Amino acid sequence: MTGRYDVVVVGAGIGGASLAWFLSERASVLLIEAEAHPGLHSTGRSAAFFAETYGGPGVQPLTTASKAFMLQPPEGFAEGPLVTPRGALHIAGPGAYDALDQMERAFRASGVAIECLDAEGTTARAPLLSPAWQQRGLWEPGCSDIEVARLHQAFLAGARRRGAALVTNARVRSFDRSGGRWRIETGAGCFEADVVVNAAGAWADDVAVLASARPLGVQPLRRTMIVADLGGPVEPELPVVLDAAGSFYFKPDAGMMWVSPHDETPVPASDVQPEELDIAIAVHRFETATTETVRRVVRSWAGLRSFAPDRLPVYGFASDAPGFFWCAGQGGFGVQTSPAAGAMAAALITGTTWDAPGVDPERYSPKRFG
């Protein structure tokens, strides 16, 4: 296969797919995906929820700017709603209440709705908590479950309707820049483009090296999730419950409990699988924080969450490789920020105007790494 495009986007996960949807309004776009199916390693393994506090104050403006799109997407964009109300309860164990205080201070002036709860209020939101974990809490009413597959597929299908193309099994083998254009050799053919977008997720630094751009230190981290059978139906109205210190989170789903030990184990970019130790840690932390017992682990999986050194995403043109655009380091918040991030990145590539309250594109530029 061959072809010439304005922009070739390397990676068809949520970052590349959302960018392609916005960008294909103004440019000819090709999405190239190394795997047989887009979103295999991160997007497709996400237990995503939309929480404006998730990712910290530096990520929050992008999440907040994505909220209107998530709640009311463009007509015909998706076959059903993108989010379902859930609510999030942030808790802390004995001796760790300062984590709640720090979180409340960090978001006090952000406009994000957060309510401080005493023991009674915390217990009312999540009666299954053990006494040691129900003394204080922060309630985030705006948290919602995200229909990740629906959102991802809507971006891909919408981009195709706007003229974008998608090629799978197209791992990049080499880049060559000459005459102001890129030549990209892949496992599925050679393509040309004015701009290459590096939306390769865990492989972002590898793609940069192929294009003779300086890698930024984007590190893949393994994240584990288990589906736990508690011996009976789980109350479906329970919120997402998160340890403010970052040692676990859990949420109900289809009568079971999804539990993550919130692990962040550095790994090479690869098709990661869950480790038995991390599964055991997830069970232990859940049983310590609640009065419930895990009868059996029905299913488990692991996915990749990739971060730049300062844990903020990277959007912008590289200073050392003309026509090379970074769209990487979305961590665990790439799904919830995809509408705003995709729109912002498309505007940066095409030189058009995009503005959202509190979002400063320079904050996410690769130039911050020197």
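Throughout, a residue's number is its position along its own chain's written sequence, starting from 1. Restriction of local features to residues with pLDDT of at least 70 applies here, the model being predicted, together with a cutoff of 80 or more for giving and counting side-chain atom pairs; totals for whole chains, interfaces and linings are based on all residues. With hydrogens and water excluded, all non-hydrogen atoms of the structure serve as input to the side-chain values.

Student: A description of the packing of helix α1 (residues 14-23) against helix α8 (residues 338-350) should follow, citing residues and the corresponding values.
Tutor: Axis definition: a line fitted to C-alpha atoms, limited for helices to the stretch in contact. Angles are taken between N-to-C directions and run from 0 to 180 degrees. Think of it this way: any DSSP run of H or I at least four residues long counts as a helix, any run of E at least two long counts as a strand, and we number them from the N terminus. Here α1 crosses α8 at 55 degrees, and the two axes come no closer than 8 Å. Viewed along their axes, α1 and α8 adopt a mutual orientation that is oblique. In terms of crossing hand, the pair formed by α1 and α8 is right-handed. Of the residues in α8, those in contact with Ile14, Ser18, Leu19, Phe22 and Leu23 of α1 are Ser338, Pro339, Gly342, Ala343, Ala345, Ala346, Ile349 and Thr350. Grouping the amino acids of the contact of α1 with α8 by side-chain chemistry returns nine nonpolar, four polar and no charged. Oblique is the label for any angle not under 35 degrees, not over 145, and not in the 65 to 115 range, which are roughly parallel, roughly antiparallel and roughly perpendicular in turn. For a crossing to be left-handed, the near helix must be turned anticlockwise from the far one by less than a right angle; the clockwise case is right-handed. Residues count as neighbours in contact if any of their non-hydrogen atoms are within 4.5 Å of one another. Three classes are used, and their members are as follows: Ala, Val, Leu, Ile, Met, Phe, Trp, Tyr, Cys and Pro are nonpolar, Asp, Glu, Lys and Arg are charged, and the others, Gly among them, are polar.

Student: Run through the nonpolar core, naming residues and quoting values.
Tutor: If you look at the biggest cluster of nonpolar residues, it comprises 64 residues, and the most contacted ones within it are Ile146, Leu151, Phe155 and Val197. Beyond its immediate stretch of four places on either side in the chain, Phe155 contacts Ile14, Ala17, Ser18, Trp21, Phe22, Phe69, Phe77, Ser338 and Pro339. Residues enter a nonpolar core if they are buried and are Ala, Val, Leu, Ile, Met, Phe, Trp, Tyr or Cys, with the set joined through side-chain atoms within 4.5 Å. With a 1.4 Å probe rolled over the protein chains alone, any residue whose accessible area is under 20% of its type maximum counts as buried; one over 50% counts as exposed, and the rest are partly exposed.

Student: Give me the environment of Ser42: which residues, what numbers.
Tutor: Within the secondary structure layout, Ser42 lies in the loop between β2 (29-32) and β3 (49-50). The spacing of Ser42 and Phe324 is 282 residues in sequence and 23 Å in space, taken between C-alpha atoms. Apart from the residues within four sequence positions on either side, Ser42 is in contact with Leu304 and Arg305.

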